[in-house]
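Now for the letters of each chain:
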Amino acid sequence: MAGATTREFDVADHLNTPEEIAAYLDAVLEEGDDKLLLIALRNVVKSKGFTKVAQGAGLRRETLYQSFSEDGNPRLSTLSGVLGQLGMRLSVTPQAKSA
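We now turn to the structure provided with this report. Computed from a predicted model, the values in this text were never measured in an experiment.

Remarks on helix H5 (residues 76-85)
Next, step 1: Buried within H5 we find Thr78, Leu79, Val82 and Leu83. Within H5, the buried residues cover an arc of 125° as seen down the axis, which keeps them to one side. In H5, the exposed residues that point more than 90 degrees away from the buried face are Leu76 and Ser77.
Next, step 2: Where the residues of H5 are buried, they touch helix H1 (18-31), helix H2 (34-48), helix H3 (50-57) and helix H4 (61-67).
Next, step 3: Two residues or fewer past H5, Gly87 is found with a positive phi of approximately 80°.

Put into structure tokens, the structure is as follows:
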């Protein structure tokens, strides 16, 4: 296709509803990889806007960037505040036993 342009896929462009966000984060959590979870959380925050989420969670934007950076390690209070601003909450369920 002559003249066709493409752009890099960005998952943040596709996280529009609380259900999509919850399904995305749940799938990432199943992987059990902390670094992947930080990337996923950063994608979710990006989808809603770092400044907006930071303000709603009572955080500085720089704190949010740092918390969800590649080397980030967000505090539970930061994670809870951000998830609350996104309309999410932490939940605990039993792991499925392997056969």
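Looking at the packing of H3 against H5
Next, step 1: With their axes 8 Å apart at the nearest point, H3 and H5 run at an angle of 110° to one another. Comparing their axes, H5 and H3 come out roughly perpendicular. The crossing of H3 and H5 is right-handed. Note on element contacts: H5 touches H3 through Gly81, Val82 and Gln85, opposite Lys52, Val53, Gly56 and Ala57.

Brief notes about the side chain of Thr78
Next, step 1: Residue position: Thr78 is located in helix H5.
Next, step 2: Filtering out sequence-adjacent residues up to four positions away, Thr78 remains in contact with Leu59 and Ser67.

Details of the nonpolar core
Next, step 1: Core analysis: the biggest nonpolar cluster contains 22 residues, and Tyr24, Leu25, Val44, Val45, Leu64, Phe68 and Val82 have the highest contact counts within it.
Next, step 2: When residues of this core are traced back to their parent elements, those giving at least two are H1, H2, H3 and H5.
Next, step 3: With five residues, H2 is the largest single contributor of residues to this core.

A few points about the environment of Asp71
Next, step 1: As for its placement among the helices and strands, Asp71 is situated in the loop between H4 and H5.
Next, step 2: Residue classification places Asp71 among the exposed residues on the basis of a relative accessible area of 68%.
Next, step 3: Between the C-alpha atom of Asp71 and that of Lys35, which follows or precedes it by 36 residues, the distance is 8.2 Å.

Considerations on the packing of aromatic side chains
What describes a pair of aromatic rings is the distance from one ring centre to the other and the angle between the planes of the rings.
Next, step 1: Under the criterion given, the structure shown has one aromatic pair.
Next, step 2: Ring centres of Phe50 and Tyr65 lie 4.1 Å apart, and the angle between their planes is 10°; this geometry places the pair in the stacked category. One end of the pair, Phe50, is in helix H3; the other, Tyr65, is in helix H4, with 15 residues separating them in the sequence.
Next, step 3: Owing to a relative accessible area of 10%, Phe50 belongs among the buried residues under this scheme.
Next, step 4: What makes Tyr65 partly exposed here is its relative accessible area of 40%.

So, the pattern of salt bridges
Next, step 1: Counted by the stated rule, this structure contains four salt bridges.
Next, step 2: Across the pair Arg7 and Asp13 runs a salt bridge, and its minimum N-O distance is 3.3 Å.
Next, step 3: Relative accessible area serves as the criterion here: at 68%, Arg7 is assigned to the exposed category.
Next, step 4: Taking the relative accessible area as the measure of exposure, Asp13 reaches 36% and is therefore partly exposed.
Next, step 5: Measuring nitrogen to oxygen at the nearest pair gives 3.8 Å for the salt bridge that ties Glu62 to Arg60.
Next, step 6: Overall, the relative accessible area of 41% leaves Glu62 in the partly exposed class.
Next, step 7: Look at the salt bridges and you will find they share partners, linking Arg60, Arg61 and Glu62 into a network.

Thresholds, definitions, all that
- Residues numbered from 1 in each chain as written.
- Predicted model: local features only at pLDDT ≥ 70, side-chain atom pairs only at ≥ 80, totals over all residues.
- Heavy atoms only, no water.
- Buried < 20%, exposed > 50% of the residue type's maximum accessible area, 1.4 Å probe, protein only.
- Helix = DSSP H or I, 4+ residues; strand = E, 2+ residues; numbered from the N terminus.
- Arc of directions from axis to C-beta.
- Contact = heavy atoms within 4.5 Å.
- Axes fitted to C-alpha atoms, helices over the stretch in contact; angles between N-to-C directions.
- Parallel < 35°, antiparallel > 145°, perpendicular 65-115°, else oblique.
- Left-handed = near helix turned anticlockwise from the far one by under 90°.
- Core = buried A, V, L, I, M, F, W, Y, C linked by side-chain atoms within 4.5 Å.
- Phe/Tyr/Trp six-rings, centres within 6.5 Å; stacked < 30°, edge-to-face > 60°.
- Salt bridge = Lys/Arg side-chain N within 4 Å of Asp/Glu carboxyl O.

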